[in-house]
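Results of the structural survey
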Amino acid sequence: MAAAVAARSLGKLKQQNVALFVCDLQERFRPVITGFPSVVDTARRMIRGASVLGLPVITTEQYPKALGSTVQELKDVLPADSPIVAKTLFSMLTPEVRELLKQKPAVSQVLLCGIEAHVCVLQTTLDLIESGFEVHILVDGTSSQRLHDRAIGLHRATQR
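Notes on the structure follow. Treat the numbers as computed from the prediction; the structure is a model and nothing was measured. (Residues numbered from 1 in each chain as written. Predicted model: local features only at pLDDT ≥ 70, side-chain atom pairs only at ≥ 80, totals over all residues. Heavy atoms only, no water.)

1. Details of the pattern of salt bridges
Tallied over the full model, the rule gives 6 salt bridges. Between Lys102 and Glu99 there is a salt bridge, with its nearest N and O atoms 3.4 Å apart. With Lys102 and Glu99 both in helix α4 (residues 95–102) and 3 residues apart, the pair spans about one turn of that helix. Looking at Lys102, the relative accessible area reads 59%, which means it is exposed. (Salt bridge = Lys/Arg side-chain N within 4 Å of Asp/Glu carboxyl O. Helix = DSSP H or I, 4+ residues; strand = E, 2+ residues; numbered from the N terminus. Buried < 20%, exposed > 50% of the residue type's maximum accessible area, 1.4 Å probe, protein only.)

2. Things to note about the environment of Thr94
Along the chain, Thr94 turns up in the loop between β4 (84–87) and α4. By relative accessible area, Thr94 is classed as buried at 5%. As a C-alpha pair, Thr94 and His155 span 61 residues in sequence and 24 Å in three-dimensional space. Apart from residues lying up to four places away in sequence, Thr94 is in contact with Val85, Lys87 and Leu89. (Contact = heavy atoms within 4.5 Å.)

3. Some details on the packing of helix α5 (residues 117–130) against helix α6 (residues 147–157)
In contact at an axis separation of 9 Å, α5 and α6 are set at 10° when each is read in the N-to-C sense. Taken as axis vectors, α5 and α6 run roughly parallel relative to one another. Across from Ala117, His118, Leu122, Thr125 and Leu126 in α5, the residues of α6 making contact are Asp149, Arg150, Gly153, Arg156 and Ala157. Its residues assigned to classes, the contact of α5 with α6 comprises 4 nonpolar, 3 polar and 3 charged. (Axes fitted to C-alpha atoms, helices over the stretch in contact; angles between N-to-C directions. Parallel < 35°, antiparallel > 145°, perpendicular 65-115°, else oblique. Nonpolar A, V, L, I, M, F, W, Y, C, P; charged D, E, K, R; others polar.)

4. Some points on α6
Where α6 is concerned, the buried positions are Asp149, Gly153, Leu154 and Ala157. Projected onto a plane normal to the axis of α6, the buried residues spread over an arc of 130° and lie on a single side. Those residues of α6 that are exposed and aimed more than 90 degrees away from the buried face are Leu147 and His148. Packed against the buried residues of α6 are α5 and β6 (134–143). (Arc of directions from axis to C-beta.)

5. Topic: unusual backbone geometry
With an omega dihedral of -20°, the bond running from Ile115 to Glu116 counts as a cis peptide bond. Relative to the elements of secondary structure, Glu116 occurs in the loop between β5 (109–115) and α5. With a phi angle near 40°, Tyr63 is a residue other than glycine that sits in the positive phi range. Within the fold, Tyr63 resides in the loop between β3 (57–62) and α2 (64–67). Exposure remark for Tyr63: the relative accessible area of 40% places this residue in the partly exposed category.

Below you can see the structure in the form of structure tokens.
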């Protein structure tokens, strides 16, 4: 299930315009994120679907030196040409990710999953909208440590 969030306009997804963003699903978060196995399962299914459809997939890791790497379940299905970008910002929209998007000028819509809903997912959403992208948060692929934080993050993402 996807929740389209505030943007100039929302429309149906068009395969040639879509990229999948996978935010910070790392080993260190496994024991503390509510519903982590379900979030990983959704991300895994989305990565597989994106691969079949030829959609670009961009994955980030928040400070991997301290928080570990992307969970193996996702690394196992990531297409070989899909970058995993280390970051120390809350947003996935780092300079490196911006450069990757410039190489894919047709991309105007982003499917977004990952953690935490009220921090990195929210900041990524806001930055993408500010940059002119249409964002669809995969609510069954997004969580936080506390359900209240998840709810607040998803609610905030729908506001203009």
